[in-house]
Amino acid sequence: MMKNLFEPANVGLLELKNRIAMAPMTRARNADGIPNDQNALYYAQRSGAGLIITEGTAISDTAKGVLYIPGLYTSAQVEGWKKVTKAVHERGSKLFAQLWHVGRVSHTSNQPGGIAPVGPSGIQAANTWAWGYDVEGKESFVPASKPRALSPTEVKHVINDFANAAKNALAAGFDGVELHGANGYLIEQFLNPFVNNRSDEYGGSIENRCRFLLEITDACIEAVGREKVGVRLTPYGGLGDLPHYDEIEGTYHYLAGELAKRRVVYIHLMDQQSKGSHALPEGFIERFRSWYDGVIILAGSMNREKAERLINAGTIDIAAFGEPFIANPDLVERLQNNWELTPPNRDLHYGLSLHGYTDWSAYKNQRLSREVFKFNEVLVS
């Protein structure tokens, strides 16, 4: 039976108005880390998606590697997010908060008191940038600082920070949380043996390197319930100076089985080719499906044809779109009608300005503006 990308669907435990998700994207619009009315407008404008996953949201004041990102570790942040969840729910979409700790992909200027960022080990990420303050105190992309290895006790504290942020997300009205285990950030750093050289229970074997993610998952399930916890992964990714290793396939095969046992609400895979990194190997998504029978979301270079093909093949369940949503707040309607997409302007992706954030026009408004312009031209001529 063919599945319509644009019709309401029960996808696992998710009741969605369509099978399209808005993927998480850092936008850096919160100088004080507290979501506000503009964030509510931004997400509401894009609530044509059945599922929206927020930008990476800090679980603590030491989790950040980008200036001006929101958090979920204070009461003021919880109150701010309530504006966003209310606006999205009023338009019939589901909203998950992506919980984020960047680990070593940070800079001392992002850290409280200028302390060193943390990681599984004290290995610095080469050719990797955070957005912080340079030596002159100006906002800039700055090299990731040398990290300090988390102690076993501190590892437990970070796990607890994830669980507390999950509780805060539910208090703010979110439908669930997504654990950011992708794109070279802290959880993925633990998975990679070139970055994780620990000799304790969190390093060495596949099982040990996966332990951090699985203990976070267990803590969040205990805090909010398995039906509220999703996980994002980027197999074969290279962002954040993560080299490929021989056990990649075995690592994600093991994780698929362990997350299936926990019955998380979904696994969200990302193909990093769209970010200028490595593509998922041919056939990997199909192999992952054979390992995992729960809900799979896929992001990365997605278009309508690819989404419909993979969903109807049963390979994935939800198609996630990232960057196209920035310049096309009505992306779902554009895809459904095969309307032209507005190209993004990457110079406007980050920063405190509202230009390039909430001022993108829907296609119908653009068409009306063009018609008015042509009408005025005729009058003038």
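Above this text is the structure in question.
Source: prediction; values computed, not measured. (Residues numbered from 1 in each chain as written. Predicted model: local features only at pLDDT ≥ 70, side-chain atom pairs only at ≥ 80, totals over all residues. Heavy atoms only, no water.)

So, about the pairing of strand E14 (residues 318-321). A regular strand places its side chains so that they alternate between the two faces of the sheet. On E14, burial covers both faces: Ile318 and Ala320 on one face and Ala319 and Phe321 on the other are all buried. Two strands pair when backbone bridges link them, and strand E3 (residues 20-22) and E14 are joined in this way by three bridges, in the parallel orientation. Within the sheet, the bridge partner assigned to Ile20 lies in E14 and is Ala319. After leaving strand E13 (residues 296-299), the chain enters helix H8 (residues 304-312) and then returns to the sheet as E14, a path that is right-handed. (Buried < 20%, exposed > 50% of the residue type's maximum accessible area, 1.4 Å probe, protein only. Helix = DSSP H or I, 4+ residues; strand = E, 2+ residues; numbered from the N terminus. Pairing = 2+ DSSP bridges. Right-handed = clockwise from strand over helix to strand, strands pointing away.)

Glancing now at the sheet that holds strand E10 (residues 176-181). Taking strand neighbours around the barrel as the criterion, the eight strands line up as E3-E4-E5-E10-E11-E12-E13-E14 in a closed arrangement whose pairing is parallel. Sheet twist, expressed as the average angle between the axes of neighbouring strands with direction ignored, equals 25 degrees. Helix H3 (residues 152-171) rests against strand E5 (94-100) and E10 of the sheet, and its axis sits at about 155 degrees to E5. (Axes fitted to C-alpha atoms, helices over the stretch in contact; angles between N-to-C directions. Contact = heavy atoms within 4.5 Å.)

Bringing the pattern of salt bridges into the picture now. Within this structure, the stated rule accounts for 20 salt bridges. With its nearest N and O atoms 2.9 Å apart, the salt bridge here joins Lys82 to Glu79. In this pair, Lys82 and Glu79 are both assigned in helix H2 (residues 75-89), three residues apart and thus about one turn of the helix distant. A relative accessible area of 33% means that Lys82 is categorised as partly exposed. The partly exposed category is assigned to Glu79, whose relative accessible area is 46%. Ionic pairing is found between Lys156 and Glu215, a salt bridge with its closest N-O pair at 3.1 Å. (Salt bridge = Lys/Arg side-chain N within 4 Å of Asp/Glu carboxyl O.)

For the rest of this paragraph, the subject is the side chain of Glu178. The residue Glu178 is located in strand E10 in this model. As a buried residue without a salt bridge, Glu178 has its nearest oppositely charged side chain in Arg232, at a separation of 4.1 Å. Setting aside its immediate chain neighbours within four residues, Glu178 contacts Pro24, Ile53, Phe96, Ala97, Gln98, Leu99, Gly230, Val231, Arg232, Tyr266 and His268. (Lys, Arg positive; Asp, Glu negative; His and termini not counted.)

Tallied over the full model, the rule gives zero disulfides. Not engaged in a disulfide, the cysteine Cys210 finds its nearest cysteine sulfur in Cys220; these two sulfurs lie 17 Å apart. (Disulfide = S-S within 2.5 Å.)

Moving on, we come to the packing of helix H5 (residues 206-224) against helix H6 (residues 248-262). Where H5 meets H6, the closest approach of the two axes is 10 Å, and the angle between their N-to-C directions is 25 degrees. As far as their axial angle goes, H6 and H5 are roughly parallel. Viewed along their axes, H5 and H6 form a crossing whose handedness is right-handed. For the pair H5 and H6, contact is made by Ile206, Glu207, Arg209, Cys210, Leu213, Leu214, Thr217, Asp218 and Ile221 and by Gly250, Thr251, Tyr254, Leu255, Glu258, Leu259 and Arg262, respectively. Classifying every residue of the contact of H5 with H6 gives eight nonpolar, three polar and five charged. (Parallel < 35°, antiparallel > 145°, perpendicular 65-115°, else oblique. Left-handed = near helix turned anticlockwise from the far one by under 90°. Nonpolar A, V, L, I, M, F, W, Y, C, P; charged D, E, K, R; others polar.)

Compared with an ideal rise of 1.5 Å per residue, which puts 20 residues at 28 Å, H3 spans 29 Å between its outermost C-alpha atoms and is within 8% of the ideal. Burial in H3 covers these residues: Val155, Val158, Ile159, Phe162, Ala163, Ala165, Ala166 and Ala169. End-on, the buried residues of H3 take up no more than an arc of 155 degrees, which puts them together on one face. On its buried face, H3 sits against E5, E10, helix H4 (186-191) and H5. Directly beyond the C-terminal end of H3, a positive phi value near 100 degrees is found at Gly173. (Expected span 1.5 Å × (residues − 1). Arc of directions from axis to C-beta.)

Our focus in this paragraph is the nonpolar core. Formed by 98 residues in total, the largest nonpolar core has its most connected members in Leu99 and Phe212. For this core, the element with the most residues is H5, which contributes ten residues. Here Phe212 is in contact with Val155, Val158, Ile159, Leu186, Ile187, Phe190 and Tyr202, once residues within four sequence places are set aside. With 16 residues, the next largest nonpolar core counts Val11, Ile53, Ile297 and Ala320 among its residues. (Core = buried A, V, L, I, M, F, W, Y, C linked by side-chain atoms within 4.5 Å.)

Those residues of helix H1 (residues 37-45) lying buried are Asn39, Ala40, Tyr42, Tyr43 and Ala44. The elements touched by buried residues of H1 are E3, strand E4 (51-58), H2 and helix H9 (324-327).

This part takes up the environment of Gly103. Here Gly103 is to be found in the loop between E5 and strand E6 (118-119). On the accessibility criterion, Gly103 (1% relative accessible area) is buried. Spatially, the C-alpha atoms of Gly103 and Phe212 are 13 Å apart, while their sequence positions differ by 109 residues. Among residues more than four places away in sequence, those in contact with Gly103 are Pro117, Val118, Leu186 and Gln189.

Two elements in contact, H6 and helix H7 (residues 284-291), have axes whose closest approach is 9 Å; the angle formed by their N-to-C orientations is 35 degrees. The two elements H6 and H7 cross, and the hand of that crossing is right-handed. Mapping the contact onto sequence places Glu249, Tyr252, His253 and Ala256 in H6 and Phe284, Arg287, Phe288 and Trp291 in H7. For the contact of H6 with H7, the class distribution of residues is five nonpolar, one polar and two charged.

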